[in-house]
Amino acid sequence: MLFTRKAAAVWLSLAFERVLTAQTPLSSHTHSSLCLGIESDLGQWNLDEGPGVNATGHLVFETANSLLQHWANTRHRIGHTIVPGTIPVGTVLYHGALTGPHLPTALDWVSGKPDHSMLFCQGPIEIGCWHLTLAVTRPMKVLYFDGNSAAKIPEGTMDTQDLVAWSEMKPEWVWNEERRIKDLCKWGEKYGGNGFVSEIMICNFTSHMEIISFLNLESICIGMEWPYLPEDPDLKRHRFELVHSASWCESYPGETRIILDFSELISFYDTALVPSLVPRRAGLDRWDHRVAGISPEDIERVQDRLAQALARPPATTSGIDWKTVLRVVVDRYASRLEFIQHLLNLTLVDESIFDHAQQIQRQLRTVLLPYTVFAALPPNTSVTTNATNSWAAPVFRECATSHAASTAYRGTSLTPSERLLLQAMWASRMNFGVDAFYPPEQRPGVDHIDTLMGEWKENCRPACDFEEMCYLPTWPFGFPIFCPPLQPQWDNGSL
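Residues numbered from 1 in each chain as written. Predicted model: local features only at pLDDT ≥ 70, side-chain atom pairs only at ≥ 80, totals over all residues. Heavy atoms only, no water.

A closer look at the nonpolar core
Core analysis: the biggest nonpolar cluster contains 55 residues, and Met 209, Leu 260, Phe 262 and Trp 322 have the highest contact counts within it. Looking at this core, the element that brings in the most residues is helix H11 (residues 322–344), giving 7 residues. Discounting chain neighbours no more than four positions away, the residues touching Met 209 are Leu 93, Leu 134, Ala 135, Val 136, Thr 137, Met 140, Ile 202 and Asn 204. By size, the runner-up hydrophobic cluster in this structure holds 31 residues, among which are Phe 145, Trp 166, Tyr 191 and Met 201. (Core = buried A, V, L, I, M, F, W, Y, C linked by side-chain atoms within 4.5 Å. Buried < 20%, exposed > 50% of the residue type's maximum accessible area, 1.4 Å probe, protein only. Helix = DSSP H or I, 4+ residues; strand = E, 2+ residues; numbered from the N terminus. Contact = heavy atoms within 4.5 Å.)

Some points on the state of the cysteines
Counting across every chain of the model gives 2 disulfides. Two residues, Cys 121 and Cys 129, share a disulfide whose sulfurs are 2.0 Å apart. Judged by the sign of its S-S torsion, about 100°, the cystine formed by Cys 121 and Cys 129 is right-handed. With relative accessibility at 0%, the residue Cys 121 sits in the buried group. (Disulfide = S-S within 2.5 Å.)

A few points about the side chain of Arg 332
Tracing the backbone shows Arg 332 in helix H11. There is no salt bridge for the buried Arg 332, and the closest opposite charge comes from Asp 331, which lies 11 Å off by N-O distance. A distance of 2.8 Å separates a polar side-chain atom of Arg 332 from the backbone oxygen of Val 367. A distance of 3.4 Å separates a polar atom in the side chain of Arg 332 from a polar atom in the side chain of Tyr 371. Once residues lying within four places of it in the same chain are set aside, the contact partners of Arg 332 are Thr 366, Val 367, Pro 370, Tyr 371 and His 403. (Lys, Arg positive; Asp, Glu negative; His and termini not counted. Salt bridge = Lys/Arg side-chain N within 4 Å of Asp/Glu carboxyl O. Polar contact = N/O pair within 3.5 Å; in protein donor to acceptor, adjacent residues only side chain to side chain.)

Side note on the packing of H11 against helix H12 (residues 353–368)
Following both chains from N to C, one finds H11 and H12 inclined at 170°, their axes separated by 10 Å at the closest point. When the axes of H11 and H12 are compared, the pair comes out roughly antiparallel. Every residue of H12 that contacts H11 at Arg 332, Tyr 333, Arg 336, Phe 339, Ile 340, Leu 343 and Leu 344 is listed here: His 356, Gln 359, Ile 360, Gln 363, Leu 364, Thr 366 and Val 367. A per-class count over the contact of H11 with H12 returns 8 nonpolar, 4 polar and 2 charged. (Axes fitted to C-alpha atoms, helices over the stretch in contact; angles between N-to-C directions. Parallel < 35°, antiparallel > 145°, perpendicular 65-115°, else oblique. Nonpolar A, V, L, I, M, F, W, Y, C, P; charged D, E, K, R; others polar.)

A look at the environment of Trp 130
On the secondary structure map, Trp 130 appears in strand E4 (residues 129–136). Using a relative accessible area of 24% as the deciding quantity, one classes Trp 130 as partly exposed. When the C-alpha positions of Trp 130 and Leu 217 are compared, they lie 6.0 Å apart, and in sequence the two are 87 residues distant. When sequence neighbours within four positions are dropped, the list of residues in contact with Trp 130 reads His 95, Gly 96, Ala 97, Gly 100, Pro 101, Cys 121, Phe 214, Leu 215 and Asn 216.

Let's talk about unusual backbone geometry
Of note, the bond from Tyr 252 into Pro 253 is cis; its omega dihedral lies within 30 degrees of zero at 10°. Note that Pro 253 resides in the loop between helix H8 (233–246) and strand E9 (259–260). A positive phi angle, close to 65°, is found at Leu 68, a residue other than glycine. Tracing the backbone through its elements, the reader meets Leu 68 in the loop between helix H3 (57–65) and helix H4 (70–75).

A word on the pattern of salt bridges
In this structure the tally under the stated criterion is 13 salt bridges. Put simply, Arg 286 and Glu 62 hold a salt bridge, and the shortest N to O gap is 3.6 Å. Separated by 224 residues along the polypeptide, Arg 286 in the loop between helix H9 (278–281) and helix H10 (296–311) and Glu 62 in helix H3 bring together distant segments of the chain. The buried category is assigned to Glu 62, whose relative accessible area is 7%. A salt bridge links Asp 162 to Arg 180; the shortest N-O distance between them is 3.2 Å. Here Asp 162 is found in helix H6 (residues 159–166), whereas its partner Arg 180 is found in helix H7 (residues 177–189), with 18 residues between them in sequence. Take Asp 162: its relative accessible area is 3%, and that puts it in the buried class. Take Arg 180: its relative accessible area is 3%, and that puts it in the buried class. Connected through shared salt-bridge partners, Lys 113, Glu 255 and Arg 257 make up one network.

What about the packing of aromatic side chains?
Enumeration according to the criterion identifies 5 aromatic pairs in this entry. The interplanar angle of 50° and the centroid separation of 5.5 Å between the aromatic rings of Trp 130 and Phe 214 together place this pair among those described as tilted. With Trp 130 in strand E4 and Phe 214 in strand E8 (residues 209–217), this residue pair connects regions lying 84 residues apart in the sequence. The exposure class of Phe 214 is partly exposed, given its relative accessible area of 22%. Just above the ring of Trp 173 sits the side chain of Lys 170; from NZ or CZ to the centre is 4.7 Å. (Phe/Tyr/Trp six-rings, centres within 6.5 Å; stacked < 30°, edge-to-face > 60°. Lys NZ or Arg CZ within 6 Å of the ring centre and 35° of its normal.)

Quick look at the sheet that holds E4
Across the sheet, which stays open at both edges, the 3 strands sit in the order E2-E4-E8 with antiparallel pairing between neighbours. Each having just a single partner strand, strand E2 (92–96) and E8 make up the two edges of the open sheet. For this sheet the average axis-to-axis angle between neighbouring strands, irrespective of direction, equals 20°. The pairing of E2 with E4 spans 5 bridges and is antiparallel. Opposite Tyr 94, over in E4, you have Thr 133 as the bridge partner. (Pairing = 2+ DSSP bridges.)

A short note on the side chain of His 80
Note that His 80 resides in the loop between H4 and strand E1 (81–87). Beyond its immediate stretch of four places on either side in the chain, His 80 contacts Asp 146, Ile 266, Ser 267, Phe 268, Tyr 269, His 289, Arg 290 and Val 291.

Brief notes about H11
Spanning 23 residues, H11 covers 32 Å between terminal C-alpha atoms, matching the ideal 33 Å at 1.5 Å per step. Along H11, the sharpest change in direction is near 35° and occurs at Tyr 333. (Expected span 1.5 Å × (residues − 1). Bend = angle between axes of the 7 residues up to and from the residue.)

In structure tokens, the structure reads:
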């Protein structure tokens with residue numbers, strides 16, 4: 001027994017590295033099979049089988065976990081998720097007027113930060129500019145588009161907005177902001193929508209908000225040429241402060257003034273909902289994933305699902321706090337995986353390899369200990385090149401299902417979006433051996449951990465000091481800009 005226990009200690013550096021990063025296609029599991037599989041079928045927890053080539057569970061998980069977080073949505077700027085949400089009562093919003101003391105009466109943009117809206121507060125140096133502060137008086141129903149969906153570039157950042165507004169992508173209209181907000185708001189009227197969040201687009205300034213102040217301020221932008229900004233030092237400082245204020249929402253919890261309804265999330269990584277995009281993504285890095293190329297049938301299916309989501313009463317959902325459920329998984333594993341990533345990238349001399357492997361094993365055993373059932377023991381003959389890991393299937397199953405098992409038993413109370421999120425939480429099938437005696441061809445896949453930590457990492461290494469800031473170049477600063485100058489606020493009556 002002692003030998004067997006020691007063998008278990010050596011071999012329990014198993015299939016952990018990509019917890020939550022992949023799965024079989026999302027349409028392949030019914031709810032009943034999930035529940036029954038947890039109880040009886042160890043065959044589906046085969047550590048020797050990798051995820052399907054078109055698996056998207058990890059992409060659903062990673063996009064859902066990063067909603068409203070600036071860093072992740074800047075890095076992967078082509079959005080693939082649409083989520084209904086609410087801006088709660090008491091939220092303060094800001095609007096910089098382009099053409100004097102004229103209150104918007106219908107469609108226009110607001111910001112959650114005055115550092116942003118002040119760049120749109122423009123006027124002659126002699127009379128200054130006008131800056132509006134508003135407070136939400138009734139919950140505002142909004143629709144959120146993930147990715148860098150405010151970026152005016154033709155590479156796909158507005159694909160999902162175009163599909164909602166026009167049922168097709170119109171990259172040639174990337175700068176047609178007036179038409180986009182008008183048609184989005186027209187579409188949202190039948191669902192009681194009050195706005196859209198890429199930037200915050202408000203459909204009606206006369207409802208759901210009250211004026212806190214409308215102040216005549218010193219103008220930091222004299223002309224109408226933003227983002228072709230003059231290169232004076234004061235304006236450069238204001239531009240930096242805009243970037244600085246955006247960094248407050250870099251990582252979890254992100255923008256907290258918008259409450260998203262995860263139970264009605266629409267994902268273009270849902271292979272059952274949008275099968276036409278599966279071959280479009282084949283062989284591409286996530287950076288190159290686009291919604292462009294979606295079939296008309298899938299567009300119609302997405303629109304139907306979105307209409308059902310917006311019409312469904314809140315009382316019919318499960319009440320699960322999915323944002324927290326997903327985050328608990330990341331908190332449980334991310335820091336240890338980052339440390340393992342560090343250990344795997346160290347340069348070693350031969351004499352230290354065994355000690356080094358033991359360090360990694362200790363980290364893995366700490367994580368797996370709550371799931372290492374007493375009966376999970378490798379056979380005495382298992383340390384061979386042709387060994388399988390079937391003995392560890394119960395550990396794999398318990399680790400994979402621990403955060404989601406109770407949710408799976410809720411049955412019909414789960415919405416289609418919640419079933420999607422549940423499936424995205426099942427563990428992947430990835431061998432991760434770090435034993436010094438492990439067969440060389442099955443040694444750790446360092447690139448897999450690097451990929452996962454690339455998604456979950458939320459800070460710079462080394463961390464930034466005072467007077468330093470991590471920044472991902474993005475639109476409009478540090479990014480090629482080809483755009484017309486800003487125009488004065490359009491006549492609301494013409495819309």
